[in-house]
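# Fold and geometry: a report
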Amino acid sequence: MPLRLRGSTPKVTTASSDLVASLGDLASAAGRWLALQPAAQEIPVYAERARQASSDTVEHAGQWAGTKATRAREVGADAASATKTGVINVLLVAALLWWVDRLLTGRRGKG
């Protein structure tokens, strides 16, 4: 850091460059200090474990969503099939009742 005279007025550009240099020195010192800490040696291991856990979680979530979507399609297809069967049954019963009505109505008119 440059030495300043008592009567000199600091400039913004000089002060900002001094601040940036000081912050850079602080970051370098913090990095060196952290590298010397025993716990810092485990950071790559923890990072790999976290990456693996998140990867597994995303994979399982994808499988779960795929299973749920497949089941929803099956339920939808079953419901459509049941609805179709129900409509056909109602139409058959209606046709049978119409036929019985015509049969009974026709005999009454003749007899």
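Before reading further, recall that the structure is shown in the block above.
Only a predicted model underlies this, so the values are computations on that prediction, with no experimental measurement involved. (Residues numbered from 1 in each chain as written. Predicted model: local features only at pLDDT ≥ 70, side-chain atom pairs only at ≥ 80, totals over all residues. Heavy atoms only, no water.)

### A few points about the overall build of the protein chain
For clarity, the threshold we go by: For the purposes of this entry, the term helix denotes a DSSP run of H or I that reaches at least four residues, the term strand denotes a run of E that reaches at least two, and both are numbered from the N terminus. With a 1.4 Å probe rolled over the protein chains alone, any residue whose accessible area is under 20% of its type maximum counts as buried; one over 50% counts as exposed, and the rest are partly exposed. The method behind every accessible area is Shrake-Rupley, applied with a 1.4 Å probe, and residues are considered shielded solely by the protein chains displayed.
For the protein chain, the count of helices and strands is two helices and zero strands. Burial status across the protein chain gives 2% buried among its 111 residues. As displayed, the protein chain offers around 9,800 Å² of accessible surface, 68% of which is attributable to carbon and sulfur atoms.

### Observations concerning a nonpolar patch on the surface
What counts, and what does not: Excluding any residue in a salt bridge, patches collect residues exceeding 30% relative accessible area, merging like charges within 9 Å and nonpolar Val, Leu, Ile, Met, Phe, Trp and Tyr side chains within 5 Å. Think of a salt bridge as a Lys or Arg side-chain nitrogen and an Asp or Glu carboxyl oxygen that are within 4 Å of each other.
A grouping of Leu96, Trp98, Trp99, Val100, Leu103 and Leu104 is seen on the molecular surface, where their side chains present a nonpolar patch of about 610 Å² in accessible area. Along the polypeptide, Leu104 turns up in helix α2 (residues 43-110). Assessed through its relative accessible area of 46%, Leu104 is described here as partly exposed.

### Observations regarding the pattern of salt bridges
Counted according to the given criterion, the structure contains three salt bridges. Residue Glu48 is joined to Arg51 by a salt bridge in which the shortest nitrogen-to-oxygen separation is 2.7 Å. Here the residue Glu48 and the residue Arg51 both occupy positions in helix α2, the gap between them amounting to three residues, near one helical turn. Glu48 gets classed as partly exposed once you look at its relative accessible area, which sits at 40%. Arg51 sits in the partly exposed class, given a relative accessible area of 45%.

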